[in-house]
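Architecture at a glance
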Amino acid sequence: MADLASPFHEMTSASAIRDVASVVIGANAVLMEDKVTYKAALTEDAAWADLPILGEDVRKHSDAAYFAARGFGQVITMALCLDDCPAEAGALQVWPGSHERPARHQPTANQGPVVTDEDAPDEQAVTLEASAGTLLTWDAALVHASGPNRTDRPRRLLVLGYTASNA
């Protein structure tokens, strides 16, 4: 069985990605979080799980408050598209400029805190469709979301969080 951890570690340790993060953050960047997200269309009822039906959508939110609570200052998020990410597969949606102003979050029962429609109106969202191999980069304070995967193909991302080395 192949161990995928080693190739991902090599990729996250590559200076090219870290160098891009350093330019964006304006300081020597260090990796502080890494994960693979996997979004597949739900095709079966999982009644055995006794969980609320949430679907595959991720409601609009900002990660900055979460990172600040963990003691980090500015965080740059980078997502390497491992698959094509068309809108129908749940491509990333962003609210341009939302990282430059406060966004109110409201608690939800099962999705964590979400940004209010007033602070991020749906009509201002931009969908970032991307091909496999594309590297998306944004400030963790940017409001973002993604819809459900309505295709028969996976939508996987390698998500990396970088912060300044003096943070």
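Structure's up top.
Just so it is clear, the structure is predicted and the values come from calculations on it, not from any experiment.

1. Let's talk about the overall build of the protein chain
- For the protein chain, the count of helices and strands is three helices and ten strands.
- The N-to-C order of helical and strand elements in the protein chain reads α-α-β-β-α-β-β-β-β-β-β-β-β.
- Across the 167 residues of the protein chain, 37% fall into the buried class.
- By sequence separation, contacts in the protein chain at least 24 residues apart represent 87% of the contacts at least 6 residues apart.
- As displayed, the protein chain has an accessible area near 9700 Å², and 54% of this comes from carbon and sulfur atoms.

2. Describing the pattern of salt bridges
- Counting across every chain of the model gives seven salt bridges.
- Within this structure, Lys60, Asp117 and Asp122 form a network of salt bridges that share partners.

3. Some points on the sheet that holds strand S1 (residues 29-39)
- Sheet architecture is open: four strands sit in the order S1-S10-S3-S8, paired in antiparallel fashion. Only two strands of the sheet have a single partner each, and these edge strands are S1 and strand S8 (135-139). Averaged over all adjacent pairs, the angle separating strand axes in this sheet is 20°, with direction ignored.
- The sheet strands contacting helix H2 (residues 15-25) are S1, strand S3 (75-81), S8 and strand S10 (155-164), and the helix crosses S10 at an angle near 55°.

4. Let's talk about the environment of glutamate 118
- Mapped onto the elements, glutamate 118 comes out in the loop between strand S6 (114-115) and strand S7 (126-128).
- Among the residues examined, glutamate 118 registers a relative accessible area of 62% and is labelled exposed.
- For the pair formed by glutamate 118 and alanine 103, sequence separation is 15 residues and the distance between their alpha carbons is 9.1 Å.
- A polar contact is formed between the side chain of glutamate 118 and the side chain of arginine 104, at a distance of 2.4 Å.

5. As for the packing of aromatic side chains
- Taken as a whole, this structure holds one aromatic pair when the rule is applied.
- Relative to phenylalanine 67, the ring of tyrosine 66 has its centre 5.3 Å away and its plane inclined at 55°; by these criteria the two rings are tilted.
- Taking the relative accessible area as the measure of exposure, tyrosine 66 reaches 47% and is therefore partly exposed.

6. Structural notes on the sheet that holds strand S9 (residues 144-146)
- In spatial order, the strands read S2-S9-S4-S7; together these four strands make up an open sheet with antiparallel pairing. Looking at the sheet topology across the chains shown, the edges are occupied by strand S2 (58-61) and S7. For this sheet, the mean angle separating the axes of adjacent strands, direction not counted, is 25°.
- Taken together, the two bridges between S2 and S9 define a ladder with antiparallel strand orientation. Bridge pairing in S9 places valine 58 opposite serine 146.

7. So, H2
- Within the sequence span of H2, burial applies to Ile17, Ala21, Ser22 and Ile25. One side of H2 holds all its buried residues, which, seen down the axis, span an arc of 140°. Among the exposed residues of H2, those pointing more than 90 degrees away from its buried face are Ala16 and Val23.
- Just beyond H2, the residue with positive phi is glycine 26, at close to 80°.

8. Observations regarding the nonpolar core
- Ala79, Cys81, Cys85, Leu92, Val94, Ala130, Leu136, Trp138, Leu142, Leu157 and Val159 together form the largest nonpolar core, which totals eleven residues.
- With sequence-adjacent residues up to four places away left out, leucine 136 is seen in contact with Thr77, Met78, Ala79, Cys81, Leu92 and Ala130.
- Counting ten residues, the second largest nonpolar core, distinct from the first, contains Ile17, Ile25, Met78 and Leu80.

Conventions and cut-offs
- Residues numbered from 1 in each chain as written.
- Predicted model: local features only at pLDDT ≥ 70, side-chain atom pairs only at ≥ 80, totals over all residues.
- Heavy atoms only, no water.
- Helix = DSSP H or I, 4+ residues; strand = E, 2+ residues; numbered from the N terminus.
- Buried < 20%, exposed > 50% of the residue type's maximum accessible area, 1.4 Å probe, protein only.
- Contact = heavy atoms within 4.5 Å.
- Areas by Shrake-Rupley, 256 points an atom, 1.4 Å probe, with all protein chains shown as cover.
- Salt bridge = Lys/Arg side-chain N within 4 Å of Asp/Glu carboxyl O.
- Pairing = 2+ DSSP bridges.
- Axes fitted to C-alpha atoms, helices over the stretch in contact; angles between N-to-C directions.
- Polar contact = N/O pair within 3.5 Å; in protein donor to acceptor, adjacent residues only side chain to side chain.
- Phe/Tyr/Trp six-rings, centres within 6.5 Å; stacked < 30°, edge-to-face > 60°.
- Arc of directions from axis to C-beta.
- Core = buried A, V, L, I, M, F, W, Y, C linked by side-chain atoms within 4.5 Å.

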